[in-house]
Amino acid sequence: MAGKTLYDKLWDDHLVKQRDDGSALIYIDRQLLHEVTSPQAFEGLRLAKRKPWRIDANLATPDHNVPTTDREKGIDGIVDPVSRIQVETLDKNCDEFGILEFKIKDLRQGIVHVIGPEQGATLPGMTIVCGDSHTSTHGAFGCLAHGIGTSEVEHVLATQCLVQQKMKNMLVKVNGELGKGVTGKDVVLAIIGKIGTAGGTGHAIEFGGQAIQNLSMEGRMTICNMAIEAGARVGMVAVDGTTIEYVKGRPFAPKGESWDAAVNYWRTLHSDVDAVFDKVVELDGADILPQVSWGTSPEMVADVTGNVPDPAKEEDPIKREGIERALKYMGLQPNQAITDIKLDRVFIGSCTNSRIEDLREAAAVVKGRKVSGSLKQAMVVPGSGLVKAQAEAEGLDQIFIEAGLEWRDPGCSMCLAMNADKLGEGEHCASTSNRNFEGRQGFGGRTHLVSPSMAAAAAISGHFVDVRELLN
Amino acid sequence: MRAFTQHKGLVAPMDRSNVDTDMIIPKQFLKSIKRTGFGPNLFDALRYLDEGKPDQDSSQRPLNPDFVLNQPRYKNASVLLARSNFGCGSSREHAPWALDDYGFRVIIAPSFADIFYNNCFKNGLLPIVLEEKIVDKLFREAEALEGYQLTVDLEAKTVITPTGESFGFEVDDFRRHCLLNGLDDIGVTLEDAELIKTYEDQRRQAAPWLFGAGQ
């Protein structure tokens, strides 16, 4: 019999009941809650007169709607009354049901996918869900983690379980070493460019290979975060020494004997050598260059040294039409050099790239340089209050401010523009976020997905440049 | 949940692949704490020429005449014919809420994004996967014939065209059972409450670090 994949192990360890019809009840160890996708779930519980099954499995924080300025004002600092009601509703629900919440003025507040790992509330081997598709982030810890809808948020609150169908296994292996200036973000954009936005649909992706093993936890989180952009709800990386070292000493992490027992279990969280995957894709790390998205889907990416594609050269009529539509929306010409794309704004932040390592990477590029006068704005939004404090302790805030970037308070911010941070119509933005869909960062806004160092380099130049030239 | 057994309705063909959930319902409308009222903002940026804002009377806004749902022949459509990877992007259940609130009961496409597909079933909305060449044929027929309707039978797992041509589709038994009977799946899961408790007790023994942390 073939060995088990990491996904098989996590599935088997959480299986409460396999039903005859092919569906299964899977136990959920951790649910993260935020203000946008939880209010209707709590309301559903109340209407059905149900209680949460296990309070201590939940952790909440407001992130999507929070302003990134004037945070000392707390909820009163939210100008939009509709946004304010949503954040107030989360507070009320958590208070009523006794759920631990890092409220807007708490130093530990931040983007859910940043604070889970930061607190050790994300531990290897867990099943983790959240009403947010980027929950795949937590798979970097050898977790089975995925986004769910609001009805499922309610289901998990009420039963601590989810009804699931087992997915297929997919391995994406990045061999060899990455070149200088090439980051986890470039790796995942290159993967999505290769397999497409539906390449992982129906699959749980495990990312492996030397290049992935060499990455820090931050880099692995960036990659798993965007598994959903390749169509896979679940992205995972096997547990190793890097994982365990990251978790050690965090507030929710086990201590003493419990720690030793946990580590013994965590060490088993990798695919067996004889495990069989339904689909395997391999890339050579050395072939990956800094990436820039040119279109309106995360699969529409190019090397920074490359060009915008020419739809006339695309034979598939549906793809050709997609490219034409994207170029029209993005205001780009076929065959235009990527480095000729001029920018209006730069956004460094989001659950993909707002951790301390991301900020260090961006600061290293802008240090001693100035933001281009042609830009309207360049902003840095740390992923949590603790990331912000750490960055300030390292002096990164001063490097950004001296270079002319704005230093903001933590939240989802311009990744999806639910708060006041957004693009104007027709504006081009170099963004470290995860989606370049039409209107994602503001009505008519044009998003280009890049790594933090590429965004920083673009901020200095006013257009895309190969960050490797600035690193010499 | 509202049950779904059979449905016959007007078909609107939306000829575009990778329709994402930001397109189905833009983020400015996610601030509501209700499940209803999203219909007027379904496909907001495609449907209207101006920028949509929450709490605005959409009936007074300028319509994009090129958008399929604004064509008079597709008024009151309840079956959406779509292209591959429909519903990709975020997990927002507001997307099926908006489609449902607008009046759609069925979406037919060659493929769907996983989370969106799952969310539909929780809301009495039936996503149907048909082969690309069949979807192509339905597109041609729906565009050629005004008033084109399809009949969907969940019990029999078939889609039937006006000429009586029938196409079978797959749907997993549990989802089909819940939808046919309008079942609340939390209620179904809680029938296994004892099993869940047993599992949980074992897990508490084996992995105590997963319990009570941070409290």
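By convention here, each chain's residues receive numbers from 1 onward along its written sequence. Here every chain gets a letter starting at A, and every ligand a number starting at 1, in the order they are written. The predicted origin of the model limits local features to residues at a pLDDT of at least 70 and limits the giving and counting of side-chain atom pairs to 80 or more, whereas totals for whole chains, interfaces and linings rest on all residues. Excluded from the side-chain calculations are hydrogens and water; all other atoms, namely the structure's heavy atoms, are used.

### With respect to the overall build of chain A
Phase 1: Helix and strand counts for chain A stand at 16 helices and 19 strands.
Phase 2: When we talk radius of gyration, it's over C-alpha atoms, and the globule rule is simply 2.2 Å times the number of residues to the 0.38. Relative to its length of 472 residues, chain A is compact, with a C-alpha radius of gyration of 21 Å against a globular reference of 23 Å.
Phase 3: Here the C-alpha coordinates of chain A stretch approximately 55 × 55 × 45 Å along the principal axes.
Phase 4: Accessible area is worked out with a 1.4 Å probe on protein chains only. A residue is then buried under 20% of its type maximum, exposed over 50%, and partly exposed in between. Taking all 472 residues of chain A together, the buried fraction comes to 68%.
Phase 5: Put simply, 76% of the contacts in chain A that link residues at least 6 apart link residues at least 24 apart.
Phase 6: Accessible area of chain A: about 15,300 Å², with a carbon and sulfur share of 49%.
Phase 7: Treating the 50 positive side-chain charges of chain A as one cloud and the 64 negative ones as another, the clouds have centres 2 Å apart. Helix and strand labels come from DSSP, where a helix needs a run of H or I of at least four residues and a strand needs a run of E of at least two; each type is numbered from the N terminus. Throughout, a contact is declared for two residues whenever any of their heavy atoms are within 4.5 Å. All accessibility values rest on the Shrake-Rupley procedure with a 1.4 Å probe; residue burial counts only the protein chains present in the view. The charged-residue count follows a simple rule in which Lys and Arg add positive charge and Asp and Glu add negative charge, with His and chain termini not counted at all. One atom stands in for each charge, and that atom is NZ of Lys, CZ of Arg, CG of Asp or CD of Glu.

### Side note on the overall build of chain B
Phase 1: Per the secondary structure count, chain B includes eight helices and seven strands.
Phase 2: On the principal axes, the C-alpha backbone points of chain B span a range of 65 × 45 × 25 Å.
Phase 3: In chain B, which comprises 215 residues, the proportion classed as buried is 59%.
Phase 4: Partitioning the intrachain contacts of chain B with sequence separation of at least 6 by distance along the chain shows that 65% fall at a separation of at least 24.
Phase 5: When the accessible surface of chain B is totalled, it reaches about 8,700 Å², and 48% of it is carbon and sulfur.
Phase 6: Looking at charge distribution, chain B has the averaged site of its 25 positive side-chain charges lying 3 Å from that of its 32 negative ones.

### With respect to the packing of aromatic side chains
Phase 1: Aromatic pairs are defined between Phe, Tyr and Trp rings, using the six-membered ring for Trp, whenever the two ring centres lie within 6.5 Å; interplanar angles under 30 degrees are classed as stacked, those over 60 as edge-to-face, and all others as tilted. Evaluation of the coordinates by the stated rule reveals 16 aromatic pairs over all chains.
Phase 2: When the ring of F141 of chain A is compared with that of Y246 of chain A, the centres are 5.4 Å apart and the planes differ by 65°; the resulting orientation is edge-to-face. On the criterion of sequence distance, the pair formed by F141 of chain A in the loop between β6 (127-130) and β7 (144-147) and Y246 of chain A in helix α9 (residues 241-247) is long-range, its members being 105 residues apart.
Phase 3: Of the residues examined, Y246 of chain A reaches a relative accessible area of 16% and is grouped as buried.
Phase 4: Taken together, a centroid distance of 6.4 Å and an interplanar angle of 40° make the contact between Y265 of chain A and W209 of chain B tilted.

### Some remarks on the layout of surface pockets
Phase 1: Here the term cavity refers to a set of points on a 1 Å grid, laid over the protein atoms alone, in which a 1.4 Å probe fits but cannot get out; the term pocket refers to an open set having protein on both sides within 12 Å along at least five of seven lines, with lining residues being those that place an atom within 4 Å of a point. Grid points are joined across faces, edges and corners, and a volume is the space filled by probe spheres set on the points. Size it by volume and the largest pocket reaches roughly 1,300 Å³.
Phase 2: Estimated volume of the second largest pocket: approximately 950 Å³.
Phase 3: Around the second largest pocket sit 45 residues that line it, and S297, E299, M300 and K319 of chain A together with N18 of chain B are the ones nearest its centre.
Phase 4: The element best represented in the lining of the second largest pocket is helix α11 (residues 317-330) of chain A, accounting for six residues.
Phase 5: Asp, Glu, Lys and Arg are counted as charged, while Ala, Val, Leu, Ile, Met, Phe, Trp, Tyr, Cys and Pro are counted as nonpolar; the rest, among them Gly, fall into the polar class. For the lining of the second largest pocket, the class distribution of residues is 18 nonpolar, 13 polar and 14 charged.

### Thoughts on the side chain of S293 of chain A
Residues and elements named next belong to chain A.
Phase 1: Along the chain, S293 turns up in strand β13 (residues 291-293).
Phase 2: Using a relative accessible area of 0% as the deciding quantity, one classes S293 as buried.
Phase 3: Polar contact is defined as a pair of N or O atoms within 3.5 Å, subject to the rule that within protein one atom must be able to donate a hydrogen and the other to accept it, and that residues adjacent in sequence are counted only when both atoms are side-chain atoms. A polar side-chain atom of S293 sits 2.7 Å from the main-chain amide nitrogen of L449.
Phase 4: Once you skip the residues sitting within four places of it in the chain, S293 turns out to touch M300, V301, N436, T447, H448 and L449.

### Description of empty space enclosed by the protein
Residue and element names in this part refer to chain A.
Phase 1: This structure, assessed with the given rule, holds five cavities of 30 Å³ or more.
Phase 2: Empty space within the largest cavity amounts to approximately 210 Å³.
Phase 3: Forming the boundary of the largest cavity are 23 residues, of which H64, D132, H134, L416 and R440 lie nearest the centre.
Phase 4: Its residues placed into classes, the lining of the largest cavity shows eight nonpolar, ten polar and five charged.
Phase 5: Around the second largest cavity sit Y7, W11, I26, I28, T127, I128, V129, L144, H146, L162, Q164 and M167, which together line it.
Phase 6: Those elements giving two or more residues to the lining of the second largest cavity turn out to be α1 (6-14), β6, β7 and β8 (161-164).
Phase 7: Of all the elements, β6 adds the most residues to the lining of the second largest cavity, at three residues.
Phase 8: Class assignment for the residues of the lining of the second largest cavity results in nine nonpolar, three polar and no charged.

### A short note on the packing of helix α2 (residues 39-47) of chain A against helix α5 (residues 150-159) of chain A
Residue and element names in this part refer to chain A.
Phase 1: Fitted lines through C-alpha atoms serve as axes, helices being fitted only where they are in contact, and the angles separating the N-to-C directions of these axes extend from 0 to 180 degrees. Interaxial distance between α2 and α5 falls to 8 Å at its minimum, and their mutual angle equals 50°. Put simply, α2 runs oblique to α5. The handedness of the crossing between α2 and α5 comes out as right-handed. Judged by residue contacts, Q40, A41, F42, G44 and L45 of α2 engage T150, V153, E154, L157 and A158 from α5.
Phase 2: Considering only residue class, the contact of α2 with α5 consists of six nonpolar, three polar and one charged. Roughly parallel means an angle under 35 degrees; roughly antiparallel, over 145; roughly perpendicular, 65 to 115; everything else is oblique. Crossing handedness: left-handed means the near helix sits turned counterclockwise from the far one by under a right angle, and right-handed means the same turn made clockwise.

### Focus on unusual backbone geometry
Phase 1: At K49 of chain A, a position not held by glycine, the phi torsion is positive, near 55°.
Phase 2: Here K49 of chain A shows up in the loop between α2 and β4 (58-60).
Phase 3: According to the relative accessible area criterion, K49 of chain A is exposed, its value standing at 76%.
Phase 4: Even without being a glycine, N18 of chain B presents a positive backbone phi close to 55°.

### Re the sheet that holds strand β12 (residues 279-284) of chain A
Residue and element names in this part refer to chain A.
Phase 1: At least two bridges found by DSSP between two strands is the condition for calling them paired. In space, the four strands of this open sheet follow the order β11-β10-β9-β12, with parallel pairing throughout. Each edge of the open sheet carries a strand with a single partner, namely β11 (234-236) and β12. Put simply, the sheet's adjacent strands are angled 20° from each other on average, direction ignored.
Phase 2: One ladder, built from six bridges, connects strand β9 (residues 168-175) with β12; its direction is parallel. Across the sheet, V172 pairs through a bridge with V281, a residue of β12.

### Description of α1 of chain A
Phase 1: Burial runs high along α1 of chain A: seven of the nine residues are buried.
Phase 2: Within α1 of chain A, burial applies to L6, Y7, D8, K9, L10, W11 and H14 of chain A.

### Some points on the packing of helix α12 (residues 356-366) of chain A against helix α14 (residues 396-403) of chain A
Residue and element names in this part refer to chain A.
Phase 1: Running from N to C, α12 and α14 point in directions that differ by 40°, and their axes come no closer than 9 Å. Of the possible angle classes, the one that applies to α12 and α14 is oblique. Note on packing geometry: the crossing formed by α12 with α14 is left-handed. Side by side, α12 and α14 meet where I356, L359, R360, A362, A363 and V366 of the first sit next to L396, I399, F400 and A403 of the second.
Phase 2: Tallied by class, residues from the contact of α12 with α14 come to nine nonpolar, no polar and one charged.

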